[in-house]
Amino acid sequence: MNKGHSIMEYETVELDDENGELVIIDQTKLPFKTEILRLKTQQEIWNAIYLLQVRGAPAIGVAAAFGIYLAAKEIGSEDYRAFYKEFQKAKDYLDSARPTAVNLSWALKRMEAVCNRNKDKPVKEIKKALLKEAEEIRDRDVSVCRQMGEYGLSLVKPGDGLLTHCNAGKLAAVRYGTATAPMYLGAERGYGFRIFVDETRPLLQGARLTAFELHESGLEVILICDNMSASVMRSGWVNAVFVGCDRVAANGDTANKIGTSMAALAAKRYGVPFYVCAPTSTIDMEMKTGDDIIIEERPGEEITEMWFKERMAPEGINTYNPSFDVTDNDLITGIVTEYGIAYPPYTESLKKILAESLYGYVPQL
Ligand SMILES: CSC[C@@H](O)[C@@H](O)C(=O)COP(=O)(O)O
């Protein structure tokens, strides 16, 4: 792990293979404290995902891939069947940490496929192949996000005002992020964007993470409360909205952090294009519509108590705390993937993009 001073110099998720540890930045402590966690056991990794110490769809996928590799490494048996049984137990356990971001199960399925493909080889070889696959999942995230950034950038112009919700940045991925990739690439090319960042209640990933990482990188950031996005759009200050995504259904409905659909509704009302940045790993054709997506419900304390201050709501109050919402496909102008931009009708365009992704390489523009 790089010990530079800037958060941008740290890796969001890293493997220390020699010591058998998953190394992450504890995102619950940011922006005030850069604390590195070294996770050894499956329970520690599960907790880190559940407690949002590592969070954001792509980063969860990378953490799960390294996590299941570490679990596999610990399995003593040389017999494939005994090994695979233990592997599956660990896989199911990690998979249960969070339900909405498909990247968790996507990465674990990819790792399981490595076992199946290599089942006739010695277990030692399978473990090596698992490490290679996990590294490939991590490395590919960088090129995929960069490519989405190129496509996203083609949709805007220098000087534009952009708005984003939650954190779909470097801290939610490996580098560039998804929704922030066009912003970072634009900054590299002197686009001079002005970026409105929703604070994103209840856990403030927008304020604590997005505003932090963009600001650290020298971009112009204006932090707003979630209930202000309609107002800034009505004022004509936003030329495009870019958000990340945890799962895309076959019809183009997308699940992302709670409050995303509110921003999409406002964007539609004020004629602001609304783009969802989603790597193809986030598209789940098994979900026909957004109604099929499981929305994670989290503890009410996330609403009644701020993380850093005393309680804010009466004792005993009922709460409802869905962590994600579904943005209906008719509110989405385009879905930006690493293989190009899908436009409505999404049932057709997503299929076409997925077919292209079967070739397996990320095209360079
Ligand atoms: C690039 S990630 C897209 C999403 O994962 C992100 O916007 C989001 O909703 C993250 O939610 P979180 O609950 O912090 O994991």
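Residues numbered from 1 in each chain as written. Predicted model: local features only at pLDDT ≥ 70, side-chain atom pairs only at ≥ 80, totals over all residues.

The name given to the protein chain in an unreviewed UniProt entry is Methylthioribose-1-phosphate isomerase, with the source organism recorded as Qiania dongpingensis. Per UniProt, the protein chain carries the Function (unreviewed entry) text "Catalyzes the interconversion of methylthioribose-1-phosphate (MTR-1-P) into methylthioribulose-1-phosphate (MTRu-1-P)." Quoted straight from UniProt, the Catalytic activity (unreviewed entry) entry for the protein chain says "5-(methylsulfanyl)-alpha-D-ribose 1-phosphate = 5-(methylsulfanyl)-D-ribulose 1-phosphate". (UniProt positions renumbered as here; feature names shortened; annotations may be inferred.)

Next up on the list: the nonpolar core. Core analysis: the biggest nonpolar cluster contains 107 residues, and A63, A65, F66, I68, V241 and C277 have the highest contact counts within it. Looking at this core, the element that brings in the most residues is helix α2 (residues 57-74), giving 13 residues. Structurally, this core is a two-domain feature, drawing no fewer than three residues from each of domain 1 (7-142) and domain 2 (145-357). Contacts of I68, omitting those with residues within four sequence positions, involve A90, K91, L94, L108 and M111. (Core = buried A, V, L, I, M, F, W, Y, C linked by C-beta atoms within 7 Å. Buried ≥ 20, exposed ≤ 12 C-beta atoms within 10 Å, placed from the backbone. Helix = DSSP H or I, 4+ residues; strand = E, 2+ residues; numbered from the N terminus. Domains from an automatic or database assignment. Contact = placed C-beta atoms within 7 Å.)

Moving on, we come to the UniProt feature "site: Transition state stabilizer" (unreviewed entry) in the protein chain. Per the UniProt record, "site: Transition state stabilizer" (unreviewed entry) is found at C166. Relative to the assigned elements, C166 resides in the loop between β4 (161-164) and α6 (181-188). Residue contacts for C166: discarding those within four places in its chain leaves T200, Q205, G206, G244, N256 and K257.

With numbering aligned to this structure, UniProt lists the feature "active site" (unreviewed entry) at D246. As for its position among the elements, D246 is in the loop between β7 (240-243) and β8 (247-249). Leave out the neighbours within four places in its chain, and D246 touches A57, T100, A101, V102, A255, N256, T282 and F324.

Time to look at the sheet that holds β8. One key point about sheets: their strands pair by backbone hydrogen bonds, in either a parallel or an antiparallel sense. Taken in spatial order, the four strands make up an open sheet running β11-β8-β9-β12, and their pairing is mixed. Each edge of the sheet is formed by a strand with only one pairing partner; in this case those strands are β11 (283-284) and β12 (324-327). One ladder, built from two bridges, connects β8 with strand β9 (residues 254-257); its direction is antiparallel. Bridge assignment links V248 to a residue of β9, and that residue is T254. (Pairing = 2+ DSSP bridges.)

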